[in-house]
Amino acid sequence: MTMLALEIGPEGFAAGPVAEDADDEDIQRTPIPAEGAWDACRDLLLDVAADDEVTAVGIASAGPIDMGAGVIAPADIAEWQTGFGIVEAVQKIFPVATVRLALDGVCLGLAERTFGATQTVMDALSVSMSHRISAGVMMGGFVVVGRTGNAGHIGHALVPGFDDPCECGGRGCLEAVAGGAALLRRARSHGWVGNSLGALTETAKVGDEVAAEAMGRAGTALGRVIASIAPLLDIDLVVVGGQVAQSGPALWKPLTAAVATHARLGFLTGLRVVPSELEGLGPLAGAGVLAMTAAQE
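Residues numbered from 1 in each chain as written. Predicted model: local features only at pLDDT ≥ 70, side-chain atom pairs only at ≥ 80, totals over all residues. Heavy atoms only, no water.

### Regarding the pattern of salt bridges
The final tally for this structure, using the stated rule, is 10 salt bridges. Between Arg42 and Asp39 there is a salt bridge, and its shortest N-O distance comes to 3.3 Å. You can see Arg42 and its partner Asp39 sitting in helix α1 (residues 37–49), three residues apart, about one turn around the helix. Overall, the relative accessible area of 26% leaves Arg42 in the partly exposed class. On the basis of relative accessibility, which here comes to 38%, the residue Asp39 falls in the partly exposed class. Where Glu88 meets Lys92, a salt bridge forms, and the shortest distance between an N and an O atom there is 3.8 Å. Here the residue Glu88 and the residue Lys92 both occupy positions in helix α2 (residues 86–93), the gap between them amounting to four residues, near one helical turn. Take Glu88: its relative accessible area is 52%, and that puts it in the exposed class. Take Lys92: its relative accessible area is 63%, and that puts it in the exposed class. (Salt bridge = Lys/Arg side-chain N within 4 Å of Asp/Glu carboxyl O. Helix = DSSP H or I, 4+ residues; strand = E, 2+ residues; numbered from the N terminus. Buried < 20%, exposed > 50% of the residue type's maximum accessible area, 1.4 Å probe, protein only.)

See below:
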């Protein structure tokens, strides 16, 4: 019995087998091509399957999605922005497999609940900060999926005090301030000459003033959003992961300061914001949880 996990993210596709002994070396990745996105995704899945009979596939995808219809429309894949039937397409190459789809934020929440920092609590928020910003909301031990499967789009929560234009058409969205593209744009406009989010993260960590300013602004924005969400959901644990979360004190000091400044209600005095220990593998690991759940049905 072979189970596969697939992540469809802004940086590309990632896939790997779902097994107790699977590790980073078993994960294969490929960038999103300008054309032929499904061909690249299909070839990746077939390479990982290696001629084994696949019985279950879990898919974590950037949104928006229609979970019931099995359709995704991720903003970073131009060919799919009007909707692509990913569940049907995967089903065709693995006819006997049960295929399950969820938003990448939902899968992050599943991974933190199963393997990570939220295993011992019933209510929590898990956030991924990278090129996109997504989240998984866990209430009563269950990760919330929402009416269409899009619960967790924290990147489009409004940030008090910010008015940056967002590609969604709105202004002041968290992703417009703290997403990867926004961070790179901010840093470059102030003279930073790097060429990637990873480089920006590393230079912020070692004290580059421009990189640190961009990350500090992002930390303040996320802290304000967390301080707004925490009283709404009555949670006391927030887990933050993803590439941006690895930028050290430049992000974390203003983030925690913003939470402390704004989360002042008595029932929030124990609110903790902690780094994820899943090292960026949260959505893919959560897709693996989907596959395992499907295989048990």
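### Section: the side chain of Asp164
Structurally, Asp164 is set in the loop between β10 (142–143) and α4 (174–178). Among the residues examined, Asp164 registers a relative accessible area of 17% and is labelled buried. Of note is the side chain of Asp164, whose polar atom sits 3.0 Å from the side chain of Arg217. Filtering out sequence-adjacent residues up to four positions away, Asp164 remains in contact with Gly170, Arg171, Gly172, Cys173, Ala176, Val177 and Arg217. (Polar contact = N/O pair within 3.5 Å; in protein donor to acceptor, adjacent residues only side chain to side chain. Contact = heavy atoms within 4.5 Å.)

### Remarks on the side chain of Ser130
Structurally, Ser130 can be placed in the loop between β8 (124–129) and β9 (133–139). Residue classification places Ser130 among the buried positions, given a relative accessible area of 13%. One polar contact links Ser130 to Glu11, side chain to side chain, over a distance of 3.4 Å. Those residues within four positions of Ser130 in sequence are excluded, and the remaining contacts are Glu11, Ala178, Gly179, Gly180, Leu197, Gln243 and Val244.

### Quick notes on the packing of helix α7 (residues 209–233) against helix α8 (residues 249–262)
At a closest axis distance of 7 Å, the pairing of α7 and α8 adopts a crossing angle of 30°. In terms of their interaxial angle, α7 and α8 are classed as roughly parallel. Regarding α7 and α8, the two cross each other, and that crossing is right-handed. Contact residues: Ala212, Met215, Gly216, Ala218, Gly219, Thr220, Leu222, Gly223, Arg224, Ile226 and Ala227 in α7; Ala250, Leu251, Pro254, Leu255, Ala258, Val259 and His262 in α8. Tallied by class, residues from the contact of α7 with α8 come to 12 nonpolar, five polar and one charged. (Axes fitted to C-alpha atoms, helices over the stretch in contact; angles between N-to-C directions. Parallel < 35°, antiparallel > 145°, perpendicular 65-115°, else oblique. Left-handed = near helix turned anticlockwise from the far one by under 90°. Nonpolar A, V, L, I, M, F, W, Y, C, P; charged D, E, K, R; others polar.)

### A closer look at the sheet that holds strand β2 (residues 12–17)
The strand order β3-β2-β1-β4-β7 describes an open sheet built from five strands, whose pairing is mixed. Whereas interior strands pair on both sides, the edge strands pair on one side only; in this sheet they are β3 (28–30) and β7 (98–103). On average, adjacent strands in this sheet sit at an angle of 15° to one another, irrespective of strand direction. The pairing of strand β1 (residues 2–9) with β2 spans six bridges and is classified as antiparallel. In the strand pairing of β2, Glu7 is matched with Ala14. Strands β1, β4 (54–61) and β7 of the sheet are contacted by α2, whose axis makes an angle of about 150° with β7. With respect to the sheet, helix α3 (residues 104–115) is in contact with β4 and β7, its orientation differing from that of β7 by roughly 100°. (Pairing = 2+ DSSP bridges.)

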